[in-house]
Amino acid sequence: TREATLEEAGADRADALVSTTEQDATNLFVCLLATELGIPTVVSVLHQIEHRDLFHKMGVSAVKSPHHLAAESLFRTARQPAIVDYMPVEGDAEVFEIDVTDDAPIAGKTLEEAGAEGLVPDDVLVAAVVKDGNEPRIPGPTTEIGAGDRLTVYSGRGADPDVTGVFGALDDHR
């Protein structure tokens, strides 16, 4: 919580600072120092929701409650167990990872075939494929999607069950 400590840590070269202590007061002070040192993006965890406005007034870019984040993640897992990981993009759009099941409509088809059959909506892009635990690769139209493949998918409508069902996540809740 000393300015000298942040300077020694290279604050002058930092693009961002994330403060994650257990105390809102400490996080607020660290964030204040970071903004005074000119760090462009400052983010903090927030333990007491009533402090949110104070953090924003001090120039903190984003504040998140670890309890809220954990609850959100657990809720998402309960509603969509097939989603391995996800990241919101903007609006409803998301990038998510999903494992293709044996009974997935897309299993055994190339991306070109899946597109021709209308399986993959226009606002959905399979951005990467991992087969048998190998390195991810960028798929092309002739890439065949198989059961067990882990896909990284961009969807303009998010991980909607109509989208995830294509990959076999038929048990996802609406």
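What you see is a predicted model, and the numbers here were worked out from it, not measured in a lab. Once a new chain begins, its residue numbering starts again from 1 and follows that chain's sequence as written. Two thresholds apply to this predicted model, a pLDDT of at least 70 for residue-level local features and 80 or more for giving and counting side-chain atom pairs, whereas whole-chain, interface and lining totals are computed over all residues. The basis for the side-chain values is all heavy atoms of the structure; hydrogens and waters are excluded.

Participant: Tell me what's going on with a negative patch on the surface, and back it up with residues and numbers.
Facilitator: A patch is a set of surface residues, each over 30% in relative accessible area and not in a salt bridge, joined within 9 Å for like charges and within 5 Å for the nonpolar side chains Val, Leu, Ile, Met, Phe, Trp and Tyr. Where accessible areas are quoted, they stem from the Shrake-Rupley method and a 1.4 Å probe; at the residue level, only the protein chains shown are allowed to cover. By definition, a salt bridge exists where a carboxyl oxygen of Asp or Glu is found within 4 Å of a side-chain nitrogen of Lys or Arg. In this tally, Lys and Arg are treated as positive and Asp and Glu as negative; His is ignored, and so are the chain termini. A charged residue contributes its charge at one atom only: NZ of Lys, CZ of Arg, CG of Asp or CD of Glu. On the surface, Glu3, Glu7, Glu8 and Glu36 cluster together into a negatively charged patch. Working definition: helices are DSSP H or I runs of at least four residues, strands are E runs of at least two. Numbering for both runs from the N terminus. Per-element tally for the negative patch: the top contributor is helix α1 (residues 3–8), with three residues. Residue placement: glutamate 7 occurs in helix α1. Here the term buried applies to any residue with accessible area under 20% of the maximum for its type, exposed to any over 50%, and partly exposed to those in between, with areas from a 1.4 Å probe on protein chains only. On the basis of relative accessible area, glutamate 7 is assigned to the partly exposed category, the value being 45%.

Participant: Tell me about the nonpolar core, and name the residues and values.
Facilitator: Core analysis: the biggest nonpolar cluster contains 22 residues, and Phe96, Ile98, Ile106, Ile145, Leu151, Val153 and Phe167 have the highest contact counts within it. Mapped onto this core, the elements with two or more residues apiece are β5 (94–99), α5 (111–116), β7 (124–130) and β9 (150–155). Per-element accounting of this core gives the leading share, three residues, to β7. By the convention used here, residues are in contact when the closest approach between their heavy atoms is within 4.5 Å. Apart from residues no more than four positions distant in its own chain, isoleucine 145 is found in contact with Val100, Ile106, Ala107, Gly108, Lys109, Leu111, Val129, Lys131 and Leu151. In this description, a nonpolar core means a group of buried Ala, Val, Leu, Ile, Met, Phe, Trp, Tyr and Cys residues linked to one another through side-chain atoms lying within 4.5 Å.

Participant: Pulling in residues and values, what's your account of the side chain of serine 155?
Facilitator: Within the element layout of this structure, serine 155 appears in strand β9. Residue serine 155 is classed as buried on the basis of its relative accessible area, which comes to 0%. Aside from chain neighbours lying at most four places away, what touches serine 155 is Asp92, Ala93, Glu94, Phe96, Asp123, Val124 and Val163.

Participant: An account of the side chain of serine 44 is requested, with residue identities and associated values reported.
Facilitator: Of note, serine 44 is situated in strand β2 (residues 41–45). Pairs of N or O atoms are called polar contacts if they sit within 3.5 Å, as long as, within protein, a hydrogen donor faces a hydrogen acceptor (for residues adjacent in sequence, only side-chain-to-side-chain pairs). Here the side chain of serine 44 touches serine 19 through a polar contact of 3.5 Å, landing on its backbone oxygen. If sequence neighbours within four positions are ignored, serine 44 has contacts with Ser19, Asn27, Cys31, Phe55, Val60, Ala62, Val63 and Lys64.

Participant: Give a description of unusual backbone geometry that names residues and reports values.
Facilitator: With a phi angle near 55°, aspartate 132 is a residue other than glycine that sits in the positive phi range. Tracing the chain through its elements places aspartate 132 in the loop between β7 and β8 (144–145).

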